[in-house]
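Given next are the chains, with one letter for each unit.
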Amino acid sequence: MTGRSTPVLLHNGLLIDGTGGEPVADGAVLVEDGLVRWAGPSDELDARPQAAGPVRRVDVRGRTILPGFIDCHVHMAAPGGALSHAEIAAMPASLRVFLAAPRMKLTLDAGVTTARDLGGADAGHREAVESGLLPGPRLLVAVAMLSPTGGHGDFRAAHDDGANDPVMGQLADGVTGCRRAVREVLRQGADCVKIAATGGVWSPTDQPGDEGFLEDEIRTITEIAAGHGGRKVAAHAQGRRGILNAVRGGVASVEHGYEIDDEAIDLMLERGTFLVPTLTTANTDPDPQKAAGWAYAKKKHWQAVARRHVPHAVARGVRVAMGTDCGIAEHGTNLRELEHLVACGMTPMGAIRAGTAEAAELLGLAHEIGTLEAGKRADLVVARGNPLTDITALGRPDHVVLVMKDGVVFKDLDGLMT
Ligand SMILES: [Zn+2]
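- As named in an unreviewed UniProt entry, the chain is Hydrolase, taken from Streptomyces chryseus.

**A word on the side chain of Thr324**
Here's step 1: Mapped onto the fold, Thr324 is located in the loop between α10 (293–315) and α11 (336–343).
Here's step 2: A distance of 3.0 Å separates a polar side-chain atom of Thr324 from the backbone nitrogen of Cys326.
Here's step 3: Those residues in contact with Thr324 that lie beyond four places of it in its chain are Asp71, His73, Val74, Thr278, Thr280, Thr281, Ala329, Asn334 and Glu337.

**Regarding empty space enclosed by the protein**
Here's step 1: By the definition in use, this model includes 2 cavities of 30 Å³ or more.
Here's step 2: Within this model, the largest cavity holds a volume of roughly 310 Å³.
Here's step 3: Around the largest cavity sit 25 residues that line it, and His75, His152, Trp202, Asp325 and Ile328 are the ones nearest its centre.
Here's step 4: Residue assignment for the lining of the largest cavity shows that the elements contributing at least two residues are α9 (279–282) and α10.
Here's step 5: If you tally residues by element for the lining of the largest cavity, the top one is α10, at 3 residues.
Here's step 6: Looking at the lining of the largest cavity residue by residue, the classes come out as 12 nonpolar, 10 polar and 3 charged.

**Notes on helix α6 (residues 215–226)**
Here's step 1: Across its 12 residues, α6 extends 16 Å between first and last C-alpha, which sits within 8% of the 16 Å expected from 1.5 Å per residue.
Here's step 2: When α6 is considered as a whole, its buried residues turn out to be Glu217, Ile218, Thr220, Ile221, Thr222, Ile224 and Ala225.
Here's step 3: The inward-facing, buried residues of α6 contact β9 (145–147), α5 (174–187), β11 (193–196), β12 (233–237) and α7 (240–248).

**Some thoughts on the sheet that holds strand β10 (residues 169–171)**
Here's step 1: Overall, parallel pairing links the 6 strands, which are arranged β10-β9-β11-β12-β13-β14 in an open sheet. Each of the sheet's edge strands pairs with one partner strand only, and the pair in question is β10 and β14 (274–276). On average, adjacent strands in this sheet sit at an angle of 30° to one another, irrespective of strand direction.
Here's step 2: Both β11 and β12 contribute to a ladder of 4 bridges, which runs parallel. By the bridge assignment, Ile195 is partnered in β12 with Ala235.

**Side note on the domain arrangement of the chain**
Size of an interface, as often reported, equals the accessible area lost when the parts are brought together.
Here's step 1: Domain boundaries assigned for the chain yield domain 1 (8–68 + 371–412) and domain 2 (69–363).
Here's step 2: Relative placement of domain 1 and domain 2: their C-alpha centres are 30 Å apart.
Here's step 3: If you look at the interface, domain 1 gives 27 residues, while domain 2 gives 27 residues.
Here's step 4: With both sides pooled, the region where domain 1 packs onto domain 2 buries about 2000 Å², and carbon together with sulfur makes up 68% of that total.
Here's step 5: It is Gly68, Ile391 and Lys405 in domain 1 that bury the most area against domain 2; as a group they hold 26% of the surface buried on that side.
Here's step 6: Notably, a salt bridge pairs Arg138 with Asp379, separated by 2.6 Å at the nearest N-O pair.

**Observations concerning the pattern of salt bridges**
Here's step 1: Counting across every chain of the model gives 28 salt bridges.
Here's step 2: Across the pair Asp261 and Arg240 runs a salt bridge whose closest N-O atoms are separated by 2.8 Å. In this pair, Asp261 sits in the loop between β13 (253–256) and α8 (262–271) while Arg240 sits in helix α7, placing the two residues 21 residues apart along the sequence.

Cut-offs and rules
Residues numbered from 1 in each chain as written. Predicted model: local features only at pLDDT ≥ 70, side-chain atom pairs only at ≥ 80, totals over all residues. Heavy atoms only, no water. Helix = DSSP H or I, 4+ residues; strand = E, 2+ residues; numbered from the N terminus. Polar contact = N/O pair within 3.5 Å; in protein donor to acceptor, adjacent residues only side chain to side chain. Contact = heavy atoms within 4.5 Å. 1 Å grid on protein atoms, 1.4 Å probe; cavity = no way out; pocket = protein on both sides within 12 Å on 5 of 7 lines; lining within 4 Å. Points joined across faces, edges and corners; volume = space filled by probe spheres on them. Nonpolar A, V, L, I, M, F, W, Y, C, P; charged D, E, K, R; others polar. Expected span 1.5 Å × (residues − 1). Buried < 20%, exposed > 50% of the residue type's maximum accessible area, 1.4 Å probe, protein only. Pairing = 2+ DSSP bridges. Axes fitted to C-alpha atoms, helices over the stretch in contact; angles between N-to-C directions. Domains from an automatic or database assignment. Buried area = accessible area lost by both parts, 1.4 Å probe. Salt bridge = Lys/Arg side-chain N within 4 Å of Asp/Glu carboxyl O.

Laid out in structure tokens, this is it:
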């Protein structure tokens, strides 16, 4: 890690600052005290009066400078392969946490400097990163997904009368039950709230087309979350009826949204609701050796649904923020989401913005992160090549050569800073 004292000027790179403005061919970013002091064309900086002290100049020729990416949907507690909730539930709680540490590092190394964990990671994960104990992306945590009985957060088999694993899902029913459940995750330090508005692939007793929480339950959760520091609600919602319940109930984002239709799109456009299509997991084939037969069949069916519906939502201009569902998909592959977004019709610049400025908007952090502008946190990545001509390059962690968070270098494959 590098100290924060000497200002660093990254220059001679293609600068994509996340604002959506034209890329700058010979761009530069000046970083000081963990913040971006200036970003723009190198020659404009050279024309300015020089800073008082020495500035370390780092030539990033042949590479692109971008804001640190933001993944709005991860699960650090999940292994990133075929899921067995029974296996996860059987683990000692401490082992689950230890296993999350290398996943957090992989995520940061992939170029993700902020991530929203939508179930399974408690506030200690966030604090471990904040305090410098563990390297990882800045975390916002939902603690546990709230779900109705038999919904997507209920991982008990049909004949199981025991308690649900509260780390994976907190069960609540009715407006009164939902009030209590949301207050409980807020008490535990949740930065955001995750709810099950439909069934899902990996829950054993429901279908992705089934409704989860109903509109009145969702509304009470969004109102209580809003009353706690304006916290936002993310809805796991795959089938169309649940997507509509979620949007009408006032959620900030529809996660997955595989069966999104024009009725939902109209409402989302009107309300500014984000879609986080998690195409990385949608496009990951489950391992037929490891996945239960019922989960495999659901996954294949809903993959096809997503491929029909998500491009239409993109074409109609629904706000999209990048989220991968890594934890279900393999950890550290986060920026492959960008190429999936492009395959759904976004421009490479649009996909990059979904993973930076737009994601920051969804997380309520646009004043701090998401673009390379003076005063923002110095979260940035330097990648080989030009992602505007080849978006797939960003999806390869070996192409993401430099990762800086709050001005601190966590990865430097090309030895640029040495
Ligand atoms: Zn998820």
